[in-house]
Amino acid sequence: LLPVSSTMGASPKKKSVTAGQGQVGYVVKLSITVVICFTIYFLTKPSTNGTSSPTGGMSRAVAPGRKRTQNNLGFWNKPSRGEFTPAIAWLMSYPNSGTSFTMTCVEHTSNLSTASNYGDEVTFKGDYSLSIYPRHPEGPFWEGLSGKLGAIRLLPQQYVLVKTHCGSRCVRCPPSEYIETYDSFLDACRLATGRIAPDGIKQDYLYPPERVKKAIHLIRNPFHNFVARFHLERKNAVAKKKTEWIEKHPLNAIGFQVWCQDLDTMYKKEEFQTFEHNMVKQLQLSPCHGEVFKFIQWHNLAFQLTQKLGIETQIVYYEDYATNFNQTLDSILEFLELPQSDTPRSFSAGHEYADYYTFLDKRRIRLLVEEIASEVTWHHLERYFDRNNSFYETDLSEDQVPKSKQSGRQLGGYYD
C-alpha cells in the first residue's frame with residue numbers, strides 16, 4: 001500500500017531524534033496505514049444485503065454540472081466478481097409497449113438501478129455517459145450516483161435490466177429505412193449511444209452480444225400500441241407548437257384515423273419499389289399498414305434473435321399488469337434475481353381504444369398480421385385477435401371515418 005511503501009522509502013531519521021520520539025512516529029504512521037487499509041477494504045467489499053457497495057466498480061457522486069472523468073469512476077470491480085458483473089438482461093420492447101413503466105417498477109420495487117443503451121436518458125446534460133462496466137466505457141449506461149432518474153440506487157449484483165428498442169421502429173420513414181435483416185436488428189439491439197470522455201461527443205458503440213445473459217421480451221396489444229405511437233407523435237407536435245398538424249389530428253379516434261391515412265399514402269411509391277406486387281396489395285388494404293409491418297417484423301426478429309443466441313428469455317404481456325399485477329411483477333423480479341425491497345409502483349390500465357378502429361379495420365389488420373408473423377410471433381399475438389376478446393365488443397362506426405379514408409375501404413375481392 002502507498003503509505004507503507006512511502007514509509008519504507010523514507011530517509012533515515014537524524015541521530016538527534018530520541019528513541020521515544022521514533023517509536024511515537026512509527027505508531028502514528030502504522031495507525032494511519034491501518035485506517036487506510038480498512039477504508040479501502042470496506043469500500044470495495046461487496047455488500048452482504050444483495051446490493052453493490054457504493055464504489056465497487058461504480059461511479060462516485062459528482063457535483064451537479066461537473067463532468068465525470070475516467071479519474072473519478074471509483075474503484076474497479078474486484079476480480080472475484082468478474083469483469084462483466086452484473087450481467088446484462090435486455091428489456092426488449094417495441095416503443096410504447098410499456099417500457100418506462102417496467103423499468104421504473106423494477107427500480108422502485110428492488111431499490112436497485114436499471115440501465116439503458118441510450119446514455120442521454122440516464123445522465124444530466126453536460127455529463128459523460130457512465131458505463132455499467134468501468135473498464136469498458138462503451139456501455140450500456142446507467143445514472144450512477146447522480147440521481148438523474150430520482151432516488152440514488154446502486155447496480156444489482158447479478159443482472160441489470162437494460163433498455164433496448166433494437167431496430168425497425170421509426171415512424172415517418174420509407175421501407176428502405178425500416179426493413180431489417182437479422183444482422184442489422186442484432187446490431188441495433190446492442191447499439192449503445194453515449195458521450196465518452198474526454199471529448200464528450202455523442203457517438204454510437206457496439207458492445208458484444210455475449211455480455212447479454214437474459215432478456216425480457218415485452219409485448220403489448222398491437223391495436224393499443226399503434227394508438228400510443230400516434231399519441232407520442234402528437235405530444236411531440238404540441239411541444240414544438242405545430243398548430244396546423246395538431247388541428248388536423250385531434251386527440252381522438254378521428255385524429256388517429258387521419259394519422260393512419262397520412263402514413264398509408266406517404267410512401268406508396270417506395271412500397272412498390274421495395275415489395276412484391278402481391279405484398280403491396282396486402283399492405284395497402286390494411287390501415288396503418290406500415291406500423292403493422294414494423295411491429296410484426298420487430299417481434300419476428302426479436303424471437304429469432306434470442307433463440308439463435310441462446311438467451312434465456314421471459315415473455316411479459318403488458319396487459320398482465322392490469323389483470324395480474326403482483327404475479328407479473330414477482331415473476332420479473334425472480335427472473336432477474338432481484339429483491340423486493342419497497343412498495344411497487346401502481347398501474348393504471350388506461351383507455352381500451354377499441355372504438356378507434358372499425359370492424360373492417362380490425363379484420364384487415366388481422367389478415368396482414370397472419371401473413372407476416374412467424375409461427376412463434378403469431379402464437380404470442382393471437383390472443384389479441386380472438387373474437388371473444390373484449391376489444392371486439394366496441395367498434396368505430398364507418399359513418400365516423402373521414403371521407404378521404406372511406407374511399408379506399410372496399411375489399412376489392414382480394415380477401416373474398
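Residues numbered from 1 in each chain as written. Predicted model: local features only at pLDDT ≥ 70, side-chain atom pairs only at ≥ 80, totals over all residues. Heavy atoms only, no water.

(A) Structural detail: the side chain of T377. Tracing the sequence through the fold places T377 in helix 15 (residues 375-381). With a relative accessible area of 1%, T377 lands in the buried category. Looking at T377, its side chain comes within polar contact range of the side chain of N300, at 2.7 Å. T377 has contacts with H299, N300 and F303, leaving out every residue within four places of it along the chain. (Helix = DSSP H or I, 4+ residues; strand = E, 2+ residues; numbered from the N terminus. Buried < 20%, exposed > 50% of the residue type's maximum accessible area, 1.4 Å probe, protein only. Polar contact = N/O pair within 3.5 Å; in protein donor to acceptor, adjacent residues only side chain to side chain. Contact = heavy atoms within 4.5 Å.)

(B) Here's a closer look at the state of the cysteines. Evaluation of the coordinates by the stated rule reveals 3 disulfides. A sulfur-sulfur distance of 2.0 Å marks the disulfide that ties C166 to C189. Its torsion about the S-S bond being 110 degrees, the disulfide of C166 and C189 is classed as right-handed. With C166 in the loop between strand 5 (159-164) and helix 4 (175-178) and C189 in helix 5 (residues 182-189), this pair connects stretches of sequence that are 23 residues apart. The disulfide partner of C260 is C288, and the S-S distance across this bridge is 2.0 Å. In this structure, the disulfide formed by C260 and C288 twists by about -85 degrees around the S-S bond and is classed as left-handed. With C260 in helix 8 (residues 253-266) and C288 in the loop between helix 10 (277-285) and helix 11 (289-309), this residue pair connects regions lying 28 residues apart in the sequence. Per residue, the accessibility class of C260 equals that of C288, and both read buried. Along the protein chain, the cysteines that take part in disulfide bonds pair up as 1-4, 2-3, 5-6, counted in sequence order. (Disulfide = S-S within 2.5 Å.)

(C) Local environment of the nonpolar core. Ranked by size, the top nonpolar core spans 68 residues in total, and within it W90, M92, F256, L305 and V369 carry the most contacts. Looking at which element gives the most residues to this core, the answer is helix 11, with 9 residues. In this structure, F256 is in contact with F226, V227, F230, P250, C288, Y356 and Y357, ignoring residues within four places of it in sequence. (Core = buried A, V, L, I, M, F, W, Y, C linked by side-chain atoms within 4.5 Å.)

(D) Region of the structure containing the pattern of salt bridges. Considering all chains together, one arrives at 12 salt bridges under this definition. Among the salt bridges present, the one from R153 reaches E107, with a minimum N-O distance of 3.7 Å. Of this pair, R153 sits in the loop between strand 4 (141-142) and strand 5 while E107 sits in helix 3 (residues 99-110), placing them 46 residues apart in sequence. Per residue, the accessibility class of R153 equals that of E107, and both read buried. Measuring nitrogen to oxygen at the nearest pair gives 2.9 Å for the salt bridge that ties D120 to R195. Here D120 is found in the loop between strand 2 (115-116) and strand 3 (130-131), whereas its partner R195 is found in strand 6 (residues 191-195), with 75 residues between them in sequence. For D120, a relative accessible area of 31% corresponds to the partly exposed category. The exposure class assigned to R195 is partly exposed, which follows from its relative accessible area of 26%. Ionic contacts of the salt-bridge type, sharing partners, join the residues D120, R195 and K202 into one network. (Salt bridge = Lys/Arg side-chain N within 4 Å of Asp/Glu carboxyl O.)

(E) Just the packing of aromatic side chains, in detail. For the coordinates displayed, the defined rule picks out 23 aromatic pairs. With a centroid separation of 5.3 Å and 65 degrees between ring planes, the pair formed by F275 and F293 is classed as edge-to-face. Taken together, the residues F275 in the loop between helix 9 (268-274) and helix 10 and F293 in helix 11 connect sequence positions 18 residues apart. Exposure class is identical for F275 and F293. Each is buried. Members of the aromatic cluster, connected to one another through ring pairs, are F223, F230, F256, W259, Y353, Y356, Y357, W378 and F385. Over the aromatic face of F335 sits the side chain of K214, whose NZ or CZ is 4.6 Å from the ring centroid. One cation-aromatic arrangement involves R383 over Y317; the distance from NZ or CZ to the ring centre is 3.5 Å. (Phe/Tyr/Trp six-rings, centres within 6.5 Å; stacked < 30°, edge-to-face > 60°. Lys NZ or Arg CZ within 6 Å of the ring centre and 35° of its normal.)

In short, geometric facts, not functional conclusions.
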